[in-house]
Amino acid sequence: MGLLQHDQVLLLLGAPGAGKGTQARFLAETLGVPHVASGDLLREHRERGTALGRAAQGYMDRGDLVPDDLVLDVIADRLDQPDATRGALLDGFPRTVAQAQALDARLDQRGGGVRMAVYIDVPTEALVDRLAGRWLCRGCQTSYHTEFNPPAVANACDVCGGELYQRPDDKREVVANRVAVYLSDTLPVIDRYASQGILHCVDGNRSIDAVQESLLEVVADPEPEAIAV
Ligand code: AP5
Ligand code: MG
Ligand code: ZN
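Conventions used here
Residues numbered from 1 in each chain as written. Chains lettered and ligands numbered in written order. Predicted model: local features only at pLDDT ≥ 70, side-chain atom pairs only at ≥ 80, totals over all residues. Heavy atoms only, no water. Near = heavy atom within 4 Å. Polar contact = N/O pair within 3.5 Å; in protein donor to acceptor, adjacent residues only side chain to side chain. Areas by Shrake-Rupley, 256 points an atom, 1.4 Å probe, with all protein chains shown as cover. Helix = DSSP H or I, 4+ residues; strand = E, 2+ residues; numbered from the N terminus. Nonpolar A, V, L, I, M, F, W, Y, C, P; charged D, E, K, R; others polar. Buried < 20%, exposed > 50% of the residue type's maximum accessible area, 1.4 Å probe, protein only. Lys, Arg positive; Asp, Glu negative; His and termini not counted. Salt bridge = Lys/Arg side-chain N within 4 Å of Asp/Glu carboxyl O. Contact = heavy atoms within 4.5 Å. Pairing = 2+ DSSP bridges. Axes fitted to C-alpha atoms, helices over the stretch in contact; angles between N-to-C directions.

A. A look at the site of ligand 1. Close to ligand 1 lie 36 residues, the nearest being Thr22, Asp64, Arg134, Ser143 and Arg178. Within the side chain of Arg178, one N or O atom sits 2.6 Å away from an oxygen atom of ligand 1. Here ligand 1, which alone exposes 1000 Å², has 96% of that area covered by the protein. Among the secondary structure elements, those contributing two or more residues to the shell around ligand 1 are α1 (20–31), α2 (38–48), α6 (124–132) and β6 (143–145). If you tally residues by element for the shell around ligand 1, the top one is α2, at four residues. Residues of the shell around ligand 1, tallied by class, amount to 13 nonpolar, 13 polar and 10 charged.

If you want it as structure tokens, here you go:
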């Protein structure tokens, strides 16, 4: 689907556990662009033991945001890869107004911009259960859920056969901090795209398939007036 032009991005926004990663994999494939997830990229740095990964570690384990300059480096490196110049789907970025401004400046320089921001809306009460039951693939970071989206074979990834693990920041007390940080630092980013008239809101408190269907409708017909949150 040719929604995105050169150096245009689609943003998938939402609280921790809203289903960004789950939906992004399929949506990026539909749009024919790479799925660029700041959290996945930071976890890859940690796995590789890079200086950036080591610097990010403490923030991630506490559920705090990693400082903007580190995250911006990670995102810029990824968007500089040749496959991302035709457009990208961003998941989990931007998370602060400063990150949003830096993204705008970068895309502007290249004649692109944020084509659309989609907010997956899930009530706070549902987030803890989603994260407590989540299992992730060590190989490709696909998300599963013991109850809502189990893998076909226990403890193995449907996509790549990789081993499944639980994220250390999905512990209840860390999730509470992640949600608090989201409310204080990231809600203003969502308001920003609402006021620019490019925000679309999708009810994320439904089955994975129902949310996927709504996302497809939004990207197929992106022009209706955006809804404020
Ligand atoms: P990140 O990895 O981005 O985590 P997050 O935003 O907290 O979001 P999650 O990945 O936890 O949730 P998701 O929305 O992707 O949900 P998922 O699809 O997996 O960030 C981690 C950390 O990195 C941050 O805390 C921070 O330290 C750092 N960081 C990352 N980006 C940063 C940035 N830009 N700036 C600064 N720091 C940054 O689904 C969750 C579960 O629910 C799964 O089990 C899934 O199977 C299930 N599920 C999904 N959809 C449904 C549904 N419709 N119904 C039922 N279950 C569902
Ligand atoms: Mg995710
Ligand atoms: Zn996998």
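B. Examining the side chain of Arg130 more closely. Here Arg130 lies in helix α6. Notably, Arg130 is buried but unbridged: the nearest opposite-charge side chain belongs to Asp203, and the N-O separation is 7.4 Å. With residues up to four places along the chain from it excluded, the contact list for Arg130 reads Gly17, Ala18, Gly19, Val122, His145, Phe148, Gly204, Asn205 and Arg206.

C. Summary view of the sheet that holds strand β3 (residues 88–91). As summarised here, the arrangement of the five strands in space is β2-β3-β1-β4-β8, forming an open sheet in which the pairing is parallel. Each edge of the open sheet is held by one strand with a lone partner, namely β2 (35–37) and β8 (199–203). When strand polarity is set aside, the average angle formed by the axes of neighbouring strands in this sheet is 25 degrees. In terms of strand pairing, strand β1 (residues 8–13) meets β3 through four bridges, oriented parallel. If you follow Leu12 over to β3, its bridge partner there is Asp91. Of the strands in this sheet, β1, β4 (113–121) and β8 touch helix α7 (residues 172–195), which is tilted by about 125 degrees from β4.

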